[in-house]
2 protein chains.
Amino acid sequence: MWTDGYITADWGTTNRRAWRVEGGRVSAEFADDLGFTSVSPGGFPDEVANIRRRLGDVPLLLAGMVGARGGWVDAPYLPCPLDLDRLVAGLVATPDPRAFIIPGASYQDGSRADVMRGEETQFFGAVAAGLCAPDAIICHPGTHNKWALLEGGRLTRFRTVMTGEMYNLLKNGSLLRAWLETEAAPGEHFAAGVAQGWEGRALTADLFTVRARVLLGTLPEYQVASFVSGLLIGADLRTGLSDLPQGEVVVMGRGALTRLFSAALTQVGRQNREVDGEDAFLAGAQAITERLS
Amino acid sequence: MWTDGYITADWGTTNRRAWRVEGGRVSAEFADDLGFTSVSPGGFPDEVANIRRRLGDVPLLLAGMVGARGGWVDAPYLPCPLDLDRLVAGLVATPDPRAFIIPGASYQDGSRADVMRGEETQFFGAVAAGLCAPDAIICHPGTHNKWALLEGGRLTRFRTVMTGEMYNLLKNGSLLRAWLETEAAPGEHFAAGVAQGWEGRALTADLFTVRARVLLGTLPEYQVASFVSGLLIGADLRTGLSDLPQGEVVVMGRGALTRLFSAALTQVGRQNREVDGEDAFLAGAQAITERLS
């Protein structure tokens, strides 16, 4: 059913991207903002039909929040350690006989608990396509940054740090909001933020310091966005790296945020390398469909 | 001018409280939500006239955000170390010859910077009235919790942790918002949060863990508010206490939040004692007017 081409989509919280794949190559694609939170309960069948109208009447392989509670079908989180074979075996059927949802992954250890949806497909895809080694430390920036450990091609544990969401919360509603409309950029002020976040004080203390420094005239307003971005990313790195082994970090993603994480990792002395998250996702979808054929 | 009675007001960001004081005793008072952010630029003279209509045509002593940039008059932040005499000497005149604004306080040391408005009046008032010793460690919960060190009656340093603001941000816009509508309360789940926050990981990691635990069924939804409140307060205590001396902590404030901080301090082994913040404020206003008479 999959060898004559398929559509795969990464259906996230606020956006979705979909690709038509034929013979292992992308022949068409689109992206829009009809993410999980923009689709009404019960609206998924129509949106799936919409994807097919735009990209073709072929089988569908979906990842991400489309499988969350309140999504199209509630797909489980498969516990770590998790490998590609178990992910494929756990594919979830939908009311549409030619559409399947990739399950998410979970990790629990004592009071720690974590979940992901969508990134697992990128991780296994990156390994399958040789974009990263089967033993790898991955940092996947986004609204919810994921730190993951791959061992022998298996996802053995991971931790989420909600750096992107926190930045958005601060930008939308906090006493710093007016100063966060500027775009954060690497450089001196970002680096100063990384250094402070890496020290590991409570963010709730460091963030107020930013406001005080602006009021007292020791931090120019235009530097706030880069500094705060650095502060959150520095704190993220400190926690994320705290229980991961030494070695190169694969920064998986795309765009400005990925570059900021890469710059911060370099600053704290960690070798790192960027891998395109979209390439990894497509490789993951291809690897899954090959096992299904 | 002050001996025949006066009005004093603590004019905060979102609320204001005003008292008529005669012979050192409160004879009338009111509170409303016409805080700093609810008064339009240029609207302060009318609001001051409104206060006088409600409480009497007497001199006015104002503290808090009414003296912030964008308030009635931009009152300075006086640097630490600061004592009551310098605070009185720094009183700021307004366009109204019978209304004065109490300046704020600032602290700077290297990359640290901090500001307060209103709490300084409570601190000096508490000492003047014997509610706390001239050498004291103060925790002042609120939207912006203040940790302060008093030495010989002088405010020598302080640090702000924006625990209350962060809780509100999470409640209004985060992925945890639906579960934060319950009121946080002391008890087992609050204590578990305090213990985790006290460990000092990045809040952005611990907060996502909360979501994951709910999704995976290991944290009941009704426990989230108390747990998250504990988490933020635990992190607050860790940072706030990190550079303060040993000894009893005076928890200055009023209401539920003050009790949560007191419970958390007891949990982490710090002796503490509550002092009513309103009593302290009134004592501060009285001490200032006595020096002016």
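Residue indices follow the written sequence of each chain, beginning from 1 at its first position. Going through the entries in the order they are written, you letter the chains from A and number the ligands from 1. Thresholds applied to this predicted model are a pLDDT of at least 70 for local features of residues and 80 or more for the giving and counting of side-chain atom pairs; totals over whole chains, interfaces and linings are not thresholded and use all residues. As a convention, hydrogens and water are excluded, and side-chain values are obtained from all of the structure's heavy atoms.

Going by the annotation in an unreviewed UniProt entry, the name recorded for chain A is 2-dehydro-3-deoxygalactonokinase, with Sphingomonas rosea given as the source organism.

A. Region of interest: unusual backbone geometry. Of note, the bond from Cys80(A) into Pro81(A) is cis; its omega dihedral lies within 30 degrees of zero at -5 degrees. Put simply, DSSP marks the helices as runs of H or I at least four residues long and the strands as runs of E at least two long, and each gets a number from the N terminus on. Tracing the chain through its elements places Pro81(A) in the loop between β5 (77-79) and α2 (84-89).

B. Region of interest: the nonpolar core. The set of buried Ala, Val, Leu, Ile, Met, Phe, Trp, Tyr and Cys residues whose side-chain atoms join them within 4.5 Å is what this entry labels a nonpolar core. Relative accessible area decides the class of each residue, using a 1.4 Å probe on protein chains only: under 20% of the type maximum gives buried, over 50% gives exposed, and in between gives partly exposed. By size, the foremost hydrophobic cluster in this structure holds 94 residues, and its most contacted members are Val228(A) and Val228(B). Taken domain by domain, the makeup of this core includes at least three residues from each of domain 1 (6-133 + 276-292) and domain 2 (163-275) of chain B. Core analysis: the second largest hydrophobic core is formed by 37 residues, Cys80(B), Leu84(B), Ala280(B) and Ile288(B) among them. Reported domain spans reflect what an automatic or database domain assignment gives.

C. Quick peek at the pattern of salt bridges. Residue and element names in this part refer to chain A. Salt bridges, as used here, are contacts in which a Lys or Arg side-chain nitrogen is within 4 Å of a carboxyl oxygen on Asp or Glu. Under the criterion given, the structure shown has 34 salt bridges over all chains. A salt bridge links Arg17 to Glu278; its shortest N-O distance comes to 3.2 Å. Of this pair, Arg17 sits in strand β2 (residues 16-22) while Glu278 sits in helix α9 (residues 277-292); the two residues are 261 residues apart in sequence, bridging distant segments of the chain. Its relative accessible area of 31% is what places Arg17 among the partly exposed residues. Given a relative accessible area of 12%, Glu278 falls into the buried group. For Arg52, the salt bridge is made with Asp96, and the minimal N-O distance between the two is 2.8 Å. Taken together, the positions of Arg52 in helix α1 (residues 44-55) and Asp96 in the loop between β6 (92-93) and β7 (99-101) put the pair 44 residues apart, joining distant regions of the chain. Here Arg52 and Asp96 have matching classes, each one buried. Linked by salt bridges that have partners in common, Arg17, Glu29, Arg254, Asp276 and Glu278 make up one network.

D. Layout of the relation of the copies chain B and chain A. When the copies are overlaid, the least-squares fit takes in C-alpha atoms only where the residue has pLDDT of at least 70 in both copies. Aligned on chain A, chain B shows an RMSD of 0.0 Å; the corresponding rotation is 180 degrees and the shift along the axis is 0.0 Å. Expressed as an axis order, the relation between the two copies is that of a two-fold axis. Nearest to the rotation axis, the C-alpha of Leu169(B) is located 3.2 Å from it, this being the minimum over chain B. In what follows, a contact means two residues having at least one pair of non-hydrogen atoms within 4.5 Å. Most of the interface of chain B is mirrored in chain A, where 100% of its interface residues again form contacts.

E. Layout of helix α3 (residues 119-128) of chain A. Residues and elements named next belong to chain A. Counting buried positions along α3 gives eight out of ten residues, so the element sits mostly inside the fold. All of the buried residues along α3 are Glu119, Glu120, Thr121, Gln122, Phe123, Phe124, Gly125 and Ala126. Gly130 occupies a position one or two residues after α3 and carries a positive phi of about 75 degrees.

F. The arrangement of the interface of chain B and chain A in detail. In this assembly, 44 residues from chain B lie in contact with 44 residues from chain A. Across the interface of chain B and chain A, roughly 3,700 Å² is buried in total on both sides, 68% from carbon and sulfur atoms. In terms of surface lost to chain A, no three residues of chain B exceed Thr204(B), Phe208(B) and Leu216(B), which account for 18% of the buried area on that side. Where chain B packs against chain A, one counts zero salt bridges. Pairs of N or O atoms within 3.5 Å make up the polar contacts considered here, provided that, within protein, one atom can donate a hydrogen while the other can accept it, and that residues adjacent in sequence are counted only when both atoms are side-chain atoms. For the interface between chain B and chain A, the tally reads seven residue pairs in polar contact (both at pLDDT 80 or more). Those elements that provide at least two residues to the side of chain B that touches chain A are β8 (104-109), β9 (112-116), β12 (154-161), α4 (163-173), α6 (203-215) and α7 (224-242) of chain B. In terms of residues, the side of chain B that touches chain A owes the most to one element, α6(B), which gives eleven residues. Each residue gets one of three labels, nonpolar for Ala, Val, Leu, Ile, Met, Phe, Trp, Tyr, Cys and Pro, charged for Asp, Glu, Lys and Arg, and polar for the others, Gly among them. For the side of chain B that touches chain A, the class distribution of residues is 21 nonpolar, 13 polar and ten charged. Defined in terms of a 1.4 Å probe, buried area is the accessible area two parts forfeit on being brought together, summed over both.

G. Looking closely at the packing of aromatic side chains. Any two of the Phe, Tyr and Trp rings considered here, Trp counted by its six-membered ring, make a pair once their centres fall within 6.5 Å; the pair's planes then place it as stacked at under 30 degrees, edge-to-face at over 60, or tilted in between. Tallying each qualifying case throughout the model produces ten aromatic pairs over all chains. For the pair Tyr107(A) and Phe158(A), a centre-to-centre distance of 6.5 Å together with 50 degrees between the ring planes defines the contact as tilted. With Tyr107(A) in strand β8 (residues 104-109) and Phe158(A) in strand β12 (residues 154-161), the pair connects residues that are 51 residues apart, well separated along the chain. For the pair Tyr107(A) and Phe158(A), a shared accessibility class is recorded, and that class is buried. A centroid spacing of 6.0 Å and a plane angle of 55 degrees characterise the contact between Trp2(B) and Phe100(B), whose relative ring orientation is tilted.

H. Structural detail: the sheet that holds strand β14 (residues 272-276) of chain A. If you trace the five strands from one edge of the open sheet to the other, you get β12-β11-β10-β13-β14 (chain A), paired in mixed fashion. Sheet topology places β12 and β14 of chain A at the edges, where each strand pairs with a single neighbour. Ignoring strand direction, the axes of neighbouring strands in this sheet form an average angle of 25 degrees. As paired elements, strand β11 (residues 145-151) of chain A and β12(A) share seven bridges and run antiparallel to each other. Considered in β12(A), the bridge of Asn145(A) is made with Val161(A). Lines fitted to the C-alpha atoms define the axes, with helices restricted to the stretch that makes contact. Angles between their N-to-C directions range from 0 to 180 degrees. Sheet strands touched by α6(B): β11 and β12 of chain A. Its angle to β12(A), the strand with the most contacts, is close to 110 degrees. By this definition, two strands are paired if DSSP reports at least two bridges between them.

I. View of the side chain of Glu278(B). At a separation of 2.8 Å, a polar atom in the side chain of Glu278(B) contacts the side chain of Arg254(B). In contact with Glu278(B), other than residues within four places in its own chain, are Arg17(B), Trp19(B), Glu29(B) and Arg254(B).

J. Region of the structure containing the packing of helix α5 (residues 188-199) of chain A against helix α8 (residues 256-267) of chain A. Residue and element names in this part refer to chain A. At a closest axis distance of 10 Å, the pairing of α5 and α8 adopts a crossing angle of 60 degrees. By the angle between their directions, the pair α5 and α8 is classed as oblique. Judged by the twist between their axes, the crossing of α5 over α8 is right-handed. Contacts between α5 and α8 involve Phe190, Ala191, Val194 and Ala195 on the former and, on the latter, Leu260, Ala263, Ala264 and Gln267. When its residues are assigned to classes, the contact of α5 with α8 shows seven nonpolar, one polar and no charged. An angle below 35 degrees is read as roughly parallel, one above 145 as roughly antiparallel, one from 65 to 115 as roughly perpendicular, and any other as oblique. The sense of a crossing depends on the near helix, which, turned anticlockwise from the far helix by less than a right angle, makes the crossing left-handed and, turned clockwise, makes it right-handed.

K. Quick look at the sheet that holds β5(A). Residue and element names in this part refer to chain A. The strand order across the open sheet formed by three strands is β5-β8-β9, and the pairing between neighbours is mixed. Of all strands in the sheet, those with a lone pairing partner are β5 and β9 (112-116), marking the two edges. Looking at each pair of strands side by side, their axes are set apart by 25 degrees on average, direction ignored. In the sheet, β5 pairs with β8 via three bridges, with the strands oriented parallel. Pairing of Pro79 across the sheet is with Ser106, part of β8.

L. Broad picture of the packing of helix α5 (residues 188-199) of chain B against α7(B). Residues and elements named next belong to chain B. Orientation of α5 relative to α7, taken along the N-to-C sense of each, is 35 degrees, at an axis distance of 6 Å. Of the two elements, α5 crosses α7, and the hand of that crossing is right-handed. Between α5 and α7, the residues in contact are His189, Phe190, Ala192, Gly193, Val194, Gln196, Gly197, Trp198 and Glu199 and Ser226, Phe227, Ser229, Gly230, Leu231, Ile233, Gly234, Ala235, Leu237, Arg238 and Leu241, respectively.

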